[in-house]
Amino acid sequence: DTAVSQTPKYLVTQMGNDKSIKCEQNLGHDTMYWYKQDSKKFLKIMFSYNNKELIINETVPNRFSPKSPDKAHLNLHINSLELGDSAVYFCASSQEGGRVTDTQYFGPGTRLTVL
Amino acid sequence: AQKITQTQPGMFVQEKEAVTLDCTYDTSDQSYGLFWYKQPSSGEMIFLIYQGSYDEQNATEGRYSLNFQKARKSANLVISASQLGDSAMYFCAMRFGSARQLTFGSGTQLTVLP
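Here is what the cut-offs are and how they apply
- Residues numbered from 1 in each chain as written.
- Chains lettered and ligands numbered in written order.
- Predicted model: local features only at pLDDT ≥ 70, side-chain atom pairs only at ≥ 80, totals over all residues.
- Heavy atoms only, no water.
- Pairing = 2+ DSSP bridges.
- Helix = DSSP H or I, 4+ residues; strand = E, 2+ residues; numbered from the N terminus.
- Axes fitted to C-alpha atoms, helices over the stretch in contact; angles between N-to-C directions.
- Buried < 20%, exposed > 50% of the residue type's maximum accessible area, 1.4 Å probe, protein only.
- Polar contact = N/O pair within 3.5 Å; in protein donor to acceptor, adjacent residues only side chain to side chain.
- Core = buried A, V, L, I, M, F, W, Y, C linked by side-chain atoms within 4.5 Å.
- Contact = heavy atoms within 4.5 Å.
- Phe/Tyr/Trp six-rings, centres within 6.5 Å; stacked < 30°, edge-to-face > 60°.

Caption draft 1: Spatial organisation of the sheet that holds strand E8 (residues 73–78) of chain A. Residues and elements named next belong to chain A. In spatial order, the strands read E1-E3-E8-E7; together these four strands make up an open sheet with antiparallel pairing. Only two strands of the sheet have a single neighbouring strand rather than two, namely strand E1 (4–7) and strand E7 (64–70). Direction aside, neighbouring strands of the sheet carry axes that sit 20 degrees apart on average. By the bridge criterion, five bridges tie E7 to E8 in an arrangement that is antiparallel.

Here's what the structure looks like:
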């Protein structure tokens, strides 16, 4: 019944490794997002896909690469992990009808710790 | 520049009392959406309530209401009859104009006291 799910919930890894986070939504939404929440709890958009097409690509190191195999899935791959990548990564989804009140629903978050 | 300000890093409220969490914003867009999210200590982000800039009536959702004052550029969240489970971080967020992403404020940590 989970609307937006993410795996894994926790990820602990060494610097320099490559890791992926997966996101799936069963809400039938056409748009998905990745947000990063830093240690001060500040949330910022990273990427967004609409029907498998990348529509938002904020200033993020190119070590981060999103992929959307279909509109229900959005994955985030991170190469050569750095200490500063430690954060909570949230996936979200929305059904975009061109309204400013189109609501985004968030997954439970993935806490990434880079040692 | 588009900016959201939550001036209260932390708030305390007695159980069963009402509390107002402040949110002000700065934008030149005429069309925008205002949202509030709750993040409990377990970490998930829970959508609470929204309001569009053209909505004339303040939004309400159960014990949550949004006190929208367009001229003052404020969108405060009012929680009535606070419960212990309301203790959490609360984020004000907005969609500006045609942008799809949410821009977030810095959050307010609410603690409900028994």
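Read on for the rest.
Caption draft 2: Region of interest: the side chain of A:Ser68. Residues and elements named next belong to chain A. Examined against the element boundaries, serine 68 turns out to sit in strand E7. On the accessibility criterion, serine 68 (13% relative accessible area) is buried. A distance of 2.9 Å separates a polar side-chain atom of serine 68 from the backbone oxygen of histidine 73.

Caption draft 3: Structural view of the pairing of strand E8 (residues 64–69) of chain B. All names here are of chain B. Judged by which residues are buried, E8 turns out to be one-sided: Tyr64, Leu66 and Phe68 face inward and are buried, whereas Ser65, Asn67 and Gln69, on the alternate face, are not. Bridge count between strand E7 (residues 60–61) and E8: two bridges; the pairing is antiparallel. Looking at E8, one finds that glutamate 61 is bridged to tyrosine 64. Hairpin connection, E7 to E8: the antiparallel pair is bridged by two residues, and glycine 62 has positive phi, about 60 degrees. Bridging between E8 and strand E9 (residues 74–79) involves six bridges; their strand directions are antiparallel. Bridge pairing in E9 links asparagine 67 to asparagine 76.

Caption draft 4: Just the pairing of strand E6 (residues 46–52) of chain B, in detail. Residue and element names in this part refer to chain B. In this structure, strand E5 (residues 32–39) lies alongside E6, joined through six bridges in antiparallel fashion. Its bridge partner lying in E6, lysine 38 is registered against isoleucine 46. Between the antiparallel neighbours E5 and E6 lie six residues, among them glycine 43 with a positive phi of about 105 degrees.

Caption draft 5: Broad picture of the nonpolar core. Membership of the largest hydrophobic core comes to 26 residues, with the highest contact counts inside it found for B:Leu21, B:Tyr25, B:Trp36, B:Ile49, B:Leu77, B:Tyr90 and B:Leu110. Elements that contribute at least two residues to this core include exactly strand E2 (10–14), strand E3 (19–21), E5, E6, E8, E9, strand E10 (88–96) and strand E12 (108–113) of chain B. The element that contributes the greatest number of residues to this core is E10(B), accounting for five residues. Those residues within four positions of B:Tyr90 in sequence are excluded, and the remaining contacts are B:Gln6, B:Leu21, B:Trp36, B:Tyr37, B:Lys38, B:Leu48, B:Leu77, B:Ile79, B:Gly107, B:Thr108 and B:Leu110. The next biggest cluster of nonpolar side chains, apart from the first, holds 19 residues, and it includes A:Leu11, A:Ile21, A:Trp34 and A:Phe47.

Caption draft 6: Structural view of the packing of aromatic side chains. For the structure on display, the rule yields 15 aromatic pairs over all chains. For the ring pair A:Tyr35 and B:Phe104, a centre distance of 5.8 Å and an interplane angle of 85 degrees mean the geometry is edge-to-face. A residue pair is termed interchain when its members come from two chains, as with A:Tyr35 in strand E4 (residues 31–37) and B:Phe104 in strand E11 (residues 103–104). Taken as a pair, A:Tyr35 and B:Phe104 share a single burial class, namely buried. When the centroid spacing of 6.0 Å and the interplanar angle of 50 degrees are considered together, the rings of B:Tyr37 and B:Phe104 count as tilted. Of this pair, B:Tyr37 sits in strand E5 while B:Phe104 sits in strand E11, and the two are 67 residues apart along the sequence.

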